[in-house]
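# Inside the fold
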Amino acid sequence: MNPGDVEKLRKALAAEHAALFAYGLLGARTSGSLRARMSAAFDAHRDCRDQLRALITARGGQPAEPEASYALPFFPSGPALAVKLAVHLETGVTAAYLELAAAQDVSLRRYAAQAMQEATARSYGFRPALPPAFPGMPAAAPPPSPPASPSASQGGG
């Protein structure tokens, strides 16, 4: 058992607990096909939670228990905000699995890569847009602007 790998698994599990909490709320506040997609995401995250609990237990670790409640970055008062929150959730889950992708155990790295692909696909399903080059990683700062050329600053030409 590698304690570092177990801790990475526990962080991914904590992200899954938070996602389940939020998707439960989203499923209750949406309808129609959007509700069906929220419910499917809830089911997928529940399966991941169960797999993570089993992986932690098999390695002799103690799975993290869910919190009673989780703070949301905003309240989903309508379908557009529900979609925005779902995309936010999937980005957070992807970030948690990104850390697990650095595990020493090769099978955990594979598991993390698969989980990141699934989270990115779910995010895309809610809001089709070109995903970032490295989903789950913080956005890079834009490169600095090049200095103005001397002729431009002197009004020459």
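Let me sum up the structure you'll find in this document. If you're wondering where the values come from, they're calculated on a predicted model, not measured in any experiment.

### A word on the nonpolar core
By size, the foremost hydrophobic cluster in this structure holds 34 residues, and its most contacted members are Tyr23, Leu26, Met38, Leu52, Tyr97, Leu100 and Phe126. Elements represented by at least two residues in this core include exactly helix 1 (3-29), helix 2 (32-58), helix 3 (79-100) and helix 4 (106-126). The element best represented in this core is helix 3, accounting for 10 residues. For Phe126, the contacting residues outside a window of four places in its chain are Tyr23, Leu34, Arg37, Met38, Ala41, Val83, Ala86 and Val87.

### A few points about the packing of helix 2 against helix 4
The contact between helix 2 and helix 4 brings their axes to 11 Å, and the two run at 170 degrees. The angle between the axes of helix 2 and helix 4 places the two elements in the roughly antiparallel class. Judged by residue contacts, Leu34, Arg37, Met38, Ala41, Ala44, His45, Cys48, Gln51, Leu52 and Leu55 of helix 2 engage Leu108, Tyr111, Arg122, Gly125 and Phe126 from helix 4.

Conventions we followed
- Residues numbered from 1 in each chain as written.
- Predicted model: local features only at pLDDT ≥ 70, side-chain atom pairs only at ≥ 80, totals over all residues.
- Heavy atoms only, no water.
- Core = buried A, V, L, I, M, F, W, Y, C linked by side-chain atoms within 4.5 Å.
- Buried < 20%, exposed > 50% of the residue type's maximum accessible area, 1.4 Å probe, protein only.
- Helix = DSSP H or I, 4+ residues; strand = E, 2+ residues; numbered from the N terminus.
- Contact = heavy atoms within 4.5 Å.
- Axes fitted to C-alpha atoms, helices over the stretch in contact; angles between N-to-C directions.
- Parallel < 35°, antiparallel > 145°, perpendicular 65-115°, else oblique.

So far we have only geometry, and geometry alone does not tell us how the molecule works.
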